[in-house]
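Letter by letter, the chains look like this.
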Amino acid sequence: MSQATQPLGADPTALREQLFDFWTRKELEALRAVAFKGFSDFQTPLEDLLCVLEGCPGRQKGKATTMGHSILMEFERWRRTHPKVTLQAVPEVSKLGLQRRALILLTDAQPSFMDPLIDIYQLGSLDRSTLRLHIIRLQALNCYREAALLTMKLELQNELDMEEMCVPLILQDKLPMAESFVSGHPKLEEHMVTLLDSWCHPDFSIAQLCRQFPRLSLSKHQTDQIQPKMLSKQVFRLMEKFNIDPGLCPNSVYKRKSDSMRFLMYKRFVEKGMSEENWSDHVQSTVADDPELQIQLVELMVKYGGMVSAAQWSLRYGLPKDRLPFGVWDTQESLPPSLREVSKGCSAESWDPPQAHRDRFYQLPITRDHVHFLETLEGLQLCRETVLQPGCIVGVDMEWRAGFGAVSPQQRVALIQLAVPGQVFLLDLCAHGFSQHNITVTFIRSLFSAPTVLKLGYGMAGDLKCLLATWSQFSEEPLKMEGVLDLLNVHQQMQRSASSRGGSGGPRGVLVGEGPSEKGLSLLVQQVLGKPLDKMEQLSNWERRPLRTSQLRYAAVDAYCLLDVYSALSCDPACFGLPQDLCSISSLQTEKSKAEKKSKEEKKKQARARRESAPAPTSTLGPERTPQPGEESQSPLPPPMAPQQLRVVCDNMLQGLGRYLRCLGVDVVLLENTDDHRVAAQLAQEDGRVILTCGQPYQTLKSQVGEGRCIALDCSEKARDQAVRVLKHFNVQPTQSDIFSRCQVCNSDQYLKMPREDMTRLLKERGFLQQQQQAPVPPEGETLDDSLDPLTLPTLSTPPVPVPFLAPGVPRYSPHCRWAPLSDLDSSTLTFPRGAVLQLHTVPPGLLPRIPFFFICTGCGKVFWEGSHFSRVLSQFQEVLCITEDTEDTPSSST
């Protein structure tokens, strides 16, 4: 058939142009119908599909909303009705060429683009060396994410260098993807975890990684993640997930123990919330036989405990003189024999506390002989007969050893306290034969499932979690919970009632002596019974045997006080703002929680449905709340303002919104993930900024700034839609010249405009053009990554950026910003007055023949040039851009 009589759809180029016309008019149904028919007219569907996809705009990003993705999905649907269209039907001479063309399309596609191409063209059957070479090419293009995804889908993990694949992902804050890369491959799992642990070594510097991967440009947030504090948490999490031997991660283990030691010092000497015997137990367990930790202990004792205590600990561990802090050795020599050992505390301890203690703290109202320590089945029988009586009220508490420096996060219950009026039973779960006996397990199950026995607790979620770690039987056959009242829910209801009655925000902590502000159960006891609990033994080593008298007394008090609190609240619940039936609070909380969760899910579904059904954002700006941009008809618009006049600080949950606003010229400070929400209030007060936040922090932040200075956004919305809402709310009218008028990296609004000749000279002087002079120049209309010789790609410093052809002359990009003179750049050090270094290594030499001017941020040294990003932003924010006659014919662009 001749070309003149051939159906329109039979020509891939003609079909693509027709589909593009439908795409630009947003006639998606027509696009699907024409595409489906066009595929049927193809003479060679698999080859013609590639012709269509290769010319589709935006295929490099491979997003679900691109034209190429829509066409590919429609082809998948068409192929299901044409099962004979397979790669096996293609002649062998053409098959390899089609596979390689399909492979090139995966350069930086998303997973939704990647899977169909791998399936249609059976890319997994390609020669492994060809696949590895393509993945290496992706890495050279800085497409680390795409390289990892393709590797995982083709199952090539064991054939590639784990560090080359995963380190860039980790540095770019994509640790979950690196985890997926090594999952299921024990050697790779171990390699990655030990690698992360090596970064926790005190001598490690991130500069080492930057030299190894010079093409990576890391943000402050990404750099902050490569710190021992953050890394060690990830190492312990991965050790548990992959079942890695802790002995392979000495740096993380040492850091955790070192941090635990500093915490113990704070608890003992600053907060004064730990007894000397308790503290000593934990310190010795944490330090163990590690000489470095022993030396650190002595150093900390010099600071917190004094020179004598430091000398005593150094004598206990026999530390060498040359490792001791100044003055410790001399103090050792001067100590009399009676002081040369660390005090072991009082050996004989009375059950009855001193009068000062009784005056300050809640006291156990029963004598020592009514506190039963049970470690045998015979003793358990008495307990069982007492607490399982119908109508009995039982105070329940549990103790476990605090995990100072522990590698395993699982904590097993060491002691269960059961209090009934007049008696307390302490069940010793460290007695293995007793704790694991079937009679004991059955008793615990019977107790918690008995509906006629009221069990009182406080914050029982943690207790139950430890129970599951103690008895695996409760995981296999879940523990039934009936007749349980968590007084934490009651306490929270008390606080809400006090606040609603016009109190000062509800009950607050009360200072007692030299200790910290009361909280939790101690605060509840203080508010209801008049005195708080003594929590000195809370962080005890509950696995030591025998338990000290102070530990036994503390354990009994913690359970018995629940009975007294419940009794006081039941006598006059209205006085505390509680309903007559205290047990109804727990069920009300559960129902309220379920209702709130269901309501949130419904709101998310409705918001998602509105976004999907509406072709463009509506004038309704979400829920009608005063702080949130509301209906346009509800209040008059403020006077128009330029983007530079709006100064905001974005909470760390709205970083995407912040980046969109910044690219439109708004002055935006972005909180890092590690920043507290209160930093936003501080910046708003100091710099006169408006806070943009979402979720719970809004209630806290709005009270710290002026009226209208804290705006709440809908977290379920896309960042682009949030940005439109903010611009409309403040009546910000950005123009084309405001786009990219601020640096996307550091928020600076000052650029240095450098001609191509000066950039070429600098690149030559610094040696960046030595291996690139022969690189072919992309012809008009082609993108940089399509035209470069693959052999030269590894020398590139940044990922190639699609750059449209620009005629020589004055650049069309002229942003509203401050311009720095060329003299601001130090020619010898390539630094700007504020210390930023020109990032020459990020400039692909292949751009030089086509880009007449480069724009350099003086705040961070980042280099920008004219490209395709401008048109993308212009399209996304067309509804809020102020287009004038002066700017309408000035299509500037920036990358």
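Whatever comes next refers back to the structure up there.
All of these numbers come straight from a predicted model, not from anything done at the bench. (Residues numbered from 1 in each chain as written. Predicted model: local features only at pLDDT ≥ 70, side-chain atom pairs only at ≥ 80, totals over all residues. Heavy atoms only, no water.)

Asker: What am I meant to see in the overall build of the protein here?
Answerer: Check the secondary structure of the protein and you find 37 helices and 14 strands. Among the 895 residues that make up the protein, the fraction classed as buried is 47%. Taking as baseline every contact in the protein between residues at least 6 positions apart, the subset at least 24 positions apart corresponds to 69%. A total of about 43,000 Å² of accessible surface is found on the protein, and carbon and sulfur atoms cover 52% of it. (Helix = DSSP H or I, 4+ residues; strand = E, 2+ residues; numbered from the N terminus. Buried < 20%, exposed > 50% of the residue type's maximum accessible area, 1.4 Å probe, protein only. Contact = heavy atoms within 4.5 Å. Areas by Shrake-Rupley, 256 points an atom, 1.4 Å probe, with all protein chains shown as cover.)

Asker: Please explain the packing of helix H16 (residues 276-287) against helix H17 (residues 291-304) as it appears in this structure.
Answerer: Pairs of packed helices are described in terms of their axes, by the angle between the two and the distance that separates them. It is the contact of H16 with H17, at a shortest axis distance of 9 Å, that shows an interaxial angle of 145°. When the axes of H16 and H17 are compared, the crossing they make is right-handed. Contact with H16, carried on its side by Trp279, Val283, Thr286 and Val287, involves Leu293, Gln294, Leu297 and Met301 of H17 and no other residues of that element. For the contact of H16 with H17, the residue count by class is six nonpolar, two polar and no charged. (Axes fitted to C-alpha atoms, helices over the stretch in contact; angles between N-to-C directions. Left-handed = near helix turned anticlockwise from the far one by under 90°. Nonpolar A, V, L, I, M, F, W, Y, C, P; charged D, E, K, R; others polar.)

Asker: How should I be thinking about helix H15 (residues 250-270) in this particular structure?
Answerer: Helix length check: H15, at 21 residues, gives a terminal C-alpha distance of 29 Å against a target of 30 Å (1.5 Å per residue), a fit within 8%. Within H15 the residues assigned to the buried category are Asn251, Ser252, Val253, Lys255, Ser258, Ser260, Met261, Leu264, Met265 and Lys267. Among the structural elements, helix H11 (186-198), helix H14 (228-242), H16 and H17 are those in contact with the buried residues of H15. One or two residues past the end of H15 sits lysine 272, with phi positive at roughly 55°. (Expected span 1.5 Å × (residues − 1).)

Asker: Looking at this structure, how should I read the side chain of asparagine 278?
Answerer: Note on placement: asparagine 278 falls in helix H16. Relative accessible area serves as the criterion here: at 0%, asparagine 278 is assigned to the buried category. There is a polar contact of 3.4 Å between the side chain of asparagine 278 and the side chain of serine 540. When neighbours within four sequence positions are excluded, asparagine 278 is seen to be in contact with Met536, Glu537, Leu539, Ser540, Asn541 and Arg548. (Polar contact = N/O pair within 3.5 Å; in protein donor to acceptor, adjacent residues only side chain to side chain.)

Asker: Any chance you could explain the nonpolar core here in plain terms?
Answerer: Burial of nonpolar side chains together is a common tendency in soluble globular proteins. Of all hydrophobic cores here, the largest spans 81 residues; its most connected members are Leu46, Ile71, Tyr121, Leu150, Met192 and Trp199. Residue contributions to this core peak at seven residues, all from helix H9 (residues 162-171). With residues up to four places along the chain from it excluded, the contact list for leucine 46 reads Phe75, Val85, Thr86, Leu87, Val90, Leu98, Ile120 and Tyr121. One finds Leu415, Leu454, Cys561 and Tyr566 within the second-largest nonpolar core, a separate group that totals 41 residues. (Core = buried A, V, L, I, M, F, W, Y, C linked by side-chain atoms within 4.5 Å.)

Asker: Can you walk me through the environment of alanine 35 in this structure?
Answerer: Tracing the backbone through its elements, the reader meets alanine 35 in helix H2 (residues 28-41). What makes alanine 35 buried here is its relative accessible area of 0%. Distance from alanine 35 to arginine 16, taken between C-alpha atoms, is 8.8 Å for residues 19 residues apart in sequence.

Asker: I'm lost on the sheet that holds strand S13 (residues 853-857) in this one. Help?
Answerer: Strand pairing in a sheet is mediated by backbone hydrogen bonds. Such pairs are either parallel or antiparallel. Strand order in the open sheet formed by four strands is S12-S11-S13-S14, with mixed pairing between adjacent strands. Two strands close off the open sheet at either side, each with one partner strand: strand S12 (818-819) and strand S14 (863-864). (Pairing = 2+ DSSP bridges.)

Asker: Please clarify how the side chain of glutamate 74 should be interpreted in this entry.
Answerer: By the element assignment, glutamate 74 lies in helix H4 (residues 67-80). Separated by 2.3 Å, the side chains of glutamate 74 and arginine 77 make a polar contact.

Asker: Help me out: how do you make sense of the packing of aromatic side chains in this one?
Answerer: Here the distance between the centres and the angle between the planes together describe a pair of aromatic rings. If you walk through the whole model with that rule in mind, you get 14 aromatic pairs. Judged by centre distance (5.1 Å) and plane angle (80°), the ring pair of phenylalanine 39 and phenylalanine 75 falls under edge-to-face. With phenylalanine 39 in helix H2 and phenylalanine 75 in helix H4, this residue pair connects regions lying 36 residues apart in the sequence. The pair phenylalanine 39 / phenylalanine 75 is uniform in exposure class, with both members buried. Ring plane angle 25° and centroid distance 6.4 Å describe the contact between phenylalanine 269 and tyrosine 304, whose orientation is recorded as stacked. Here tyrosine 304 lies in helix H17 and phenylalanine 269 lies in helix H15, a separation of 35 residues in the sequence. Exposure remark for phenylalanine 269: the relative accessible area of 24% places this residue in the partly exposed category. The rings of Phe269, Trp279, Tyr304, Trp313 and Tyr317 are connected pair by pair, giving a single aromatic cluster. Lying over the aromatic face of phenylalanine 269, arginine 268 brings its terminal NZ or CZ to 5.6 Å of the ring centre. Across from the ring centre of tryptophan 351, 5.1 Å away, lies the NZ or CZ of arginine 368, which sits over that ring. (Phe/Tyr/Trp six-rings, centres within 6.5 Å; stacked < 30°, edge-to-face > 60°. Lys NZ or Arg CZ within 6 Å of the ring centre and 35° of its normal.)

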